[in-house]
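Now for the letters of each chain:
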Amino acid sequence: MRALSRVQEWYGPHSSTAAEWPVDALMLAKGTTTVSVVLPARDEESTVGDIVTVIRRDLVERTPLVDEILVVDSNSTDATAERAREAGARVVAQNEVLANLPELTGKGEALWKGLAASRGDIVVFVDADLRSFGAHYISGLVGPLLVDADTHFVKATYERPYIGADGVAQQGGGGRVTELVARPLINLFWPELAGFAQPLGGEYAARRAVLEQVPFVTEYGVEFGLLVDLLQLVGLDAMAQVDLGRRTHSHQSMAALGRMAGQIMLTAWSRLERQGRVMASEPPAHMMLQFGLDGDADLVDVAVAERPPLASLVLKEDVA
Ligand SMILES: O=c1ccn([C@@H]2O[C@H](COP(=O)(O)OP(=O)(O)O)[C@@H](O)[C@H]2O)c(=O)[nH]1
Ligand SMILES: O=C(O)[C@@H](COP(=O)(O)O)O[C@H]1O[C@H](CO)[C@@H](O)[C@H](O)[C@H]1O
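Residues numbered from 1 in each chain as written. Chains lettered and ligands numbered in written order. Predicted model: local features only at pLDDT ≥ 70, side-chain atom pairs only at ≥ 80, totals over all residues. Heavy atoms only, no water.

Some thoughts on the packing of aromatic side chains
Here is step 1 of the chain: Tallied over the entire structure, the rule returns seven aromatic pairs.
Here is step 2 of the chain: Seen from their ring centres, F153 and Y204 are 6.1 Å apart, and the 45° between their planes marks the pair as tilted. Of the two residues, F153 is situated in strand β6 (residues 153-159) and Y204 in strand β9 (residues 204-207); the sequence distance between them amounts to 51 residues. Here F153 and Y204 have matching classes, each one buried.
Here is step 3 of the chain: With a centroid separation of 6.1 Å and 70° between ring planes, the pair formed by F189 and W190 is classed as edge-to-face.
Here is step 4 of the chain: For F189, a relative accessible area of 28% translates into the label partly exposed.
Here is step 5 of the chain: Within the aromatic cluster, the residues linked to one another by ring pairs are F125, F153, Y204 and F216.
Here is step 6 of the chain: Over the aromatic face of W190 sits the side chain of R277, whose NZ or CZ is 5.4 Å from the ring centroid. (Phe/Tyr/Trp six-rings, centres within 6.5 Å; stacked < 30°, edge-to-face > 60°. Helix = DSSP H or I, 4+ residues; strand = E, 2+ residues; numbered from the N terminus. Buried < 20%, exposed > 50% of the residue type's maximum accessible area, 1.4 Å probe, protein only. Lys NZ or Arg CZ within 6 Å of the ring centre and 35° of its normal.)

Structural data, given as structure tokens:
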């Protein structure tokens with residue numbers, strides 16, 4: 001488990017590997033606890049079906065660890081919803097959940113809507129563009145939650161190669177925004193979180209009762225925001241990390257990751273302000289000028305918004 005054992009000594013969080021959470025043992029611990037897997041999916045027709053199939057075959061039909069598979073169709077323009085349904089998932093359209101609320105956008109919105117539309121006591125978030133998915137992703141993430149009542153949040157870690165257009169894996173090349181933006185920000189301002197080896201990874205699980213108590217930042221600020229907000233809410237001792245081995249997924253362009261970086265920086269700034277650690281004489285801008293390869297320039301908006309804790313919604317019946 002690489003250096004995680006040493007990291008755990010220095011920083012926490014409690015770290016383990018997926019192999020330490022065999023499904024049969026988890027079934028003994030499951031009892032009446034229900035588990036929902038929620039996949040945010042925007043234009044993932046080529047991968048969402050395989051992921052749902054593995055979850056349904058291995059963790060619903062063969063061993064009923066999972067009680068619900070929900071795909072949030074995040075304004076896809078391809079056959080994501082059809083592929084997900086064919087594979088056995090329930091599919092909801094992002095903008096049809098809590099439709100009485102003004103629409104927001106991005107991955108964080110998809111996850112918040114997925115939390116609202118799902119029912120499990122434990123919620124597992126899994127990206128729908130994974131090419132390395134296996135059932136151990138789910139069992140590894142829910143293991144600590146089923147076995148230890150004092151654990152409330154579990155984040156995946158893994159090796160993250162970068163797989164270029166030529167299909168060649170570059171070890172350690174993945175997680176570009178993690179290495180260049182999130183890890184430095186965490187070590188500078190929230191060093192207690194430094195032991196999370198993959199703070200931006202899209203695979204994590206938590207108790208619904210906890211997730212409903214924190215806001216969800218929209219766009220790609222959601223993972224960073226959740227880590228900082230959950231640290232404040234439950235404390236590091238209630239947060240764990242499980243090594244799932246290896247993660248490969250579809251990579252976005254540098255320009256897209258530049259926008260993601262801006263969103264994460266604005267999320268970090270909002271948390272520093274909220275925690276009273278910075279005061280702005282003027283708020284940071286949210287427009288960013290990017291330069292394309294063809295020399296032209298694009299002015300892009302990297303603003304993020306946030307959904308309030310679900311528990312704060314007065315009209316809870318809307319959630320049903
Ligand atoms: O507006 C969005 C953006 C992303 N996603 C999903 O969130 C996951 C992670 O997004 P992406 O792969 O774009 O991020 P990356 O892994 O490249 O950082 C994927 O399942 C996307 O389909 C989504 O549901 N809505
Ligand atoms: O970790 C990262 O740097 C980015 C980009 O990963 P790659 O450089 O394309 O492997 O990927 C993650 O970041 C997003 C923002 O938190 C998450 O939403 C994605 O699930 C995750 O893949």
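Next comes the rest of the description.
Thoughts on the site of ligand 2
Here is step 1 of the chain: Looking at ligand 2, there are 17 residues lining it, with D127, R160, R176, V177 and T178 nearest.
Here is step 2 of the chain: At 2.6 Å from an oxygen atom of ligand 2 is found a side-chain nitrogen or oxygen belonging to D127.
Here is step 3 of the chain: For ligand 2, an oxygen atom lies 3.0 Å from a polar atom in the side chain of H249.
Here is step 4 of the chain: Look at ligand 2: alone it shows 500 Å² of surface, and the protein chains cover 97% of it.
Here is step 5 of the chain: Residues that form the shell around ligand 2 fall into these classes: five nonpolar, six polar and six charged. (Near = heavy atom within 4 Å. Polar contact = N/O pair within 3.5 Å; in protein donor to acceptor, adjacent residues only side chain to side chain. Areas by Shrake-Rupley, 256 points an atom, 1.4 Å probe, with all protein chains shown as cover. Nonpolar A, V, L, I, M, F, W, Y, C, P; charged D, E, K, R; others polar.)

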